[in-house]
Amino acid sequence: MPKANPRHPNFPIPGGPELRAKGWRQEALLRLLENVLSVGEDPDNLIVYAALGKAARNWPAHRAIVKTLTEMDEDQTLIIQSGKPVGLLQTHAKAPLVIMANCNIVGQWAKAEVFYELQRKGLICWGGLTAGAWQYIGSQGVIQGTYEIFMRIAERRFGGDLFGRFVLTAGLGGMGGAQPLAGRMAGAAILCVDIDAERAKKRREIGYLQEIAPDLDAALAMIDAAVKEKRALSVGLVGNAAEIYPEIARRGIVPDVVTDQTSAHDLVYGYVPKGMSLDQVKSLRDDGQGQLMAASRASIVEHVKAMLDLQKKGSEVFDNGNLIRTQAREGGVANAFDIPIFTEAYLRPLFARAIGPFRWMALSGEESDIARIDDLLLEMFPDNKIITNWIKLARQHIPFEGLPARIAWLGHGERTALARRVNELVASGELKGPIAFSRDHLDAGAMAHPNIMTERMKDGSDAIADWPLLDAMLLCSSMADLVVVHSGGGGYAGYMTSCGVTVVADGTAEADERLDHALTNDTALGVIRYADAGYDESFEEIAAKGIGHVKV
Ligand code: NAD
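Reading guide: rules and limits
- Residues numbered from 1 in each chain as written.
- Predicted model: local features only at pLDDT ≥ 70, side-chain atom pairs only at ≥ 80, totals over all residues.
- Heavy atoms only, no water.
- Near = heavy atom within 4 Å.
- Polar contact = N/O pair within 3.5 Å; in protein donor to acceptor, adjacent residues only side chain to side chain.
- Areas by Shrake-Rupley, 256 points an atom, 1.4 Å probe, with all protein chains shown as cover.
- Nonpolar A, V, L, I, M, F, W, Y, C, P; charged D, E, K, R; others polar.
- Domains from an automatic or database assignment.
- Contact = heavy atoms within 4.5 Å.
- Buried area = accessible area lost by both parts, 1.4 Å probe.
- Salt bridge = Lys/Arg side-chain N within 4 Å of Asp/Glu carboxyl O.
- Helix = DSSP H or I, 4+ residues; strand = E, 2+ residues; numbered from the N terminus.
- Phe/Tyr/Trp six-rings, centres within 6.5 Å; stacked < 30°, edge-to-face > 60°.
- Lys NZ or Arg CZ within 6 Å of the ring centre and 35° of its normal.
- Buried < 20%, exposed > 50% of the residue type's maximum accessible area, 1.4 Å probe, protein only.

A closer look at the site of the ligand
The ligand sits among 32 residues. The nearest are A51, D194, H265, N320 and Y492. At 3.4 Å, a side-chain N or O of Q261 approaches a nitrogen atom of the ligand. Computed on the free molecule, the ligand has an accessible area of 860 Å², of which 94% lies beneath the protein chains in the complex. For the shell around the ligand, a count of residues per class yields 14 nonpolar, 14 polar and four charged. The two domains that each donate at least three residues to the shell around the ligand are domain 1 (34–120) and domain 2 (140–340).

Structure follows, in structure tokens:
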């Protein structure tokens with residue numbers, strides 16, 4: 001039975017043993033589509049997160065996807081082009097059930113303005129990374145990544161944790177909403193600025209944010225008290241980051257860590273310029289795009305100048321993956337890239353081993369299935385400090401949204417071993433239903449994003465998008481259930497290409513084969529990608545795990 005969804009009553013949370021589709025594989029993908037809307041930011045408009053990231057092109061396309069998933073056989077493949085189903089073709093039972101290409105625009109045309117025009121004509125939609133691929137699991141999707149960044153900073157600069165440290169950030173949206181909880185898990189007193197009071201309230205309601213301060217003075221007093229008492233605390237503040245950051249700098253306050261996760265990548269549908277209300281911004285989105293882009297960029301310039309100022313005064317400042325530096329540089333801030341990107345600054349050694357944001361969703365809707373897999377992780381990887389630490393923290397702090405899910409950064413071989421063991425637990429009935437395995441697109445072999453994921457690669461291969469395309473072809477050859485190639489939409493147009501994958505553990509021998517091939521080959525390509533760029537960690541991984549790297 002689906003469960004009531006208090007946040008979005010028209011979008012119940014799927015679950016239960018009854019199938020509407022002809023098999024669990026199809027049912028699983030249907031539930032994942034329902035799930036991304038149940039936890040999305042604006043499901044009435046099919047928007048899941050990241051300003052414009054959509055689950056389907058429009059409602060007729062959505063209805064056609066649901067109907068097809070419900071009626072299709074296991075030996076057919078549904079083809080989706082930018083959120084619209086366009087074909088159901090005879091393949092075979094080992095082929096993917098769904099393949100997607102979302103928002104891929106030919107190079108010279110891949111610009112925000114062209115995207116907006118194509119979107120207006122109803123020809124395209126952007127799938128974010130995990131929205132259009134039906135893999136989004138709410139703010140939990142990025143929380144371990146954010147936590148690991150904070151912990152790397154803590155280890156390098158603050159003796160191992162962030163207790164007694166002030167973190168300043170902005171953006172409490174679909175993904176940015178993970179920041180207050182990740183910061184608190186690392187021990188910080190974290191201040192999160194968002195222009196939209198509703199977003200702040202939502203994060204507080206679902207347990208990701210503790211307090212909302214009435215104004216900046218009150219917010220700083222709360223942070224100051226928590227810092228002095230070395231007490232973890234998350235505080236939201238409704239305001240514009242382009243005003244609040246410079247004001248904090250003007251007062252001579254130097255936070256220990258500064259970042260930002262507003263939707264700065266999109267100057268029309270994401271970032272809100274200072275001095276404008278949300279309603280004013282909305283009214284300009286269709287007819288005043290030029291004006292809005294100029295105003296957003298001017299505000300981002302001030303926002304980033306304040307971040308640079310705080311960096312000079314000693315704050316650890318980083319770009320949290322939203323193109324804010326790129327937008328500022330376009331606006332004339334020549335030194336915007338003095339701010340490092342989080343991937344290169346903190347996480348690349350993990351990516352070089354293909355350790356990244358693996359995740360799974362309990363299709364039964366039962367939290368006990370996730371709890372059992374948490375136990376399994378601790379049993380299987382007792383010496384993996386990242387995992388044992390993370391699972392203990394996640395159990396304690398992370399509330400479930402939508403289908404119960406977990407994210408855990410696992411690497412080559414580990415993902416496959418876990419998923420195959422879970423498949424056995426599904427077969428034996430120890431779990432109440434099948435489990436869908438997936439990952440973020442921000443993964444070793446899965447993404448080319450020269451200002452975020454692949455910035456300053458050792459060999460200069462930042463902009464080469466062959467890797468995600470190879471990954472998608474490899475995953476189709478490796479029997480994954482859903483394979484997708486996404487490129488950037490809105491402000492991300494022309495900036496990225498990524499590949500996503502989902503494989504369903506339904507307890508069958510066929511699922512075991514699919515999990516084994518798809519998950520193993522996905523991370524193998526990730527290691528090979530970084531070896532090709534010259535990272536030592538990747539060569540160690542290839543030697544230790546016998547990965548089939550061809551050296552030229
Ligand atoms: P979202 O659109 O759901 O939320 C953005 C939030 O920013 C909104 O709550 C909005 O009110 C707020 N905002 C906009 N302008 C503001 C301003 N001037 N001052 C204060 N608040 C403002 O987006 P999201 O899903 O939370 O993603 C945020 C950004 O992070 C996007 O650019 C996204 O692409 C990026 N992202 C990065 C990663 C990563 O791995 N680092 C992962 C996911 C998303």
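Now that the structure is up, let's keep going.
Digging into the domain arrangement of the protein chain
Entries for the protein chain in the domain assignment read domain 1 (34–120), domain 2 (140–340) and domain 3 (347–470 + 477–483 + 491–545). For domain 2 versus domain 3, the separation of C-alpha centres amounts to 28 Å. On the domain 3 side, the residues contacting the 24 residues of domain 2 number 25 residues. Both sides together, the interface formed by domain 2 and domain 3 hides about 2200 Å², and carbon and sulfur atoms give 59% of it. If you look at where domain 2 meets domain 3, you find one salt bridge. One salt bridge in this structure joins E455 and R325, with 2.6 Å as the shortest N-O distance. Counting across the interface, domain 2 meets domain 3 through ten residue pairs in polar contact (both at pLDDT 80 or more). Those elements that provide at least two residues to the side of domain 2 that touches domain 3 are α4 (140–157), α5 (179–185) and α11 (324–330).

Describing the packing of aromatic side chains
According to the stated counting rule, one finds twelve aromatic pairs in the structure shown. Through pairs of rings, three or more aromatic residues link up here, namely F115, Y116 and Y269. The positively charged end of R325 is found above the aromatic ring belonging to F337, 4.1 Å away from the centroid.

What about unusual backbone geometry?
A positive phi angle, near 70 degrees, is found at A51, a position not held by glycine. On the secondary structure map, A51 appears in the loop between β1 (47–49) and β2 (53–54). By relative accessible area, A51 is classed as partly exposed at 22%. The phi torsion at A354 lies on the positive side, around 60 degrees, for a residue other than glycine. Here A354 shows up in the loop between α12 (342–352) and β12 (356–362). The class for A354 is buried, based on a relative accessible area of 1%.

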